Amino acid sequence: MAPPHAPQRQSPLKVDPATDELISQGAHFLGVTKKDLVAAAVRVYLEQQRENIRRGMLESMKVLDGSLSSSVSLLTDLPPERISELGGTGDWEE
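Calculation criteria
- Residues numbered from 1 in each chain as written.
- Predicted model: local features only at pLDDT ≥ 70, side-chain atom pairs only at ≥ 80, totals over all residues.
- Heavy atoms only, no water.
- Helix = DSSP H or I, 4+ residues; strand = E, 2+ residues; numbered from the N terminus.
- Buried < 20%, exposed > 50% of the residue type's maximum accessible area, 1.4 Å probe, protein only.
- Patch = residues over 30% accessible without salt bridge, like charges linked within 9 Å, V, L, I, M, F, W, Y side chains within 5 Å.
- Areas by Shrake-Rupley, 256 points an atom, 1.4 Å probe, with all protein chains shown as cover.
- Salt bridge = Lys/Arg side-chain N within 4 Å of Asp/Glu carboxyl O.

1. Observations regarding unusual backbone geometry
- In the Ramachandran plot, Asp77 falls in the positive-phi region, its phi being about 65° despite a non-glycine side chain.
- In this structure, Asp77 sits in the loop between helix 4 (68-76) and helix 5 (80-85).
- Owing to a relative accessible area of 69%, Asp77 belongs among the exposed residues under this scheme.

Encoded structure:
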């Protein structure tokens, strides 16, 4: 993690040529930079997807509760009930 006062480094965004053309045209006709258009578009999109993001985060938190069983479940794509049926996982310390 960067120190609190370190300047943030900009990273390039790579998009396909058709998307780049859309960004260029949109930015031109809106009178903004491509960078500003992409930033605004991402904020709007994430706001529109807020509920889906929340659901995904809740599902991840259910799976990643810190237990060995949840880690095995995530890695194997088996539900915790099935892992228990197969003999369980024990604890981290065992």
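2. Things to note about a nonpolar patch on the surface
- Together, Val42, Tyr45, Leu46, Ile53 and Met57 give the surface a local cluster of nonpolar side chains, amounting to about 480 Å² of exposed area.
- Looking at the nonpolar patch, the elements that each hand over two or more residues are helix 2 (34-48) and helix 3 (50-63).
- With three residues, the top contributor of residues to the nonpolar patch is helix 2.
- Tracing the sequence through the fold places Leu46 in helix 2.

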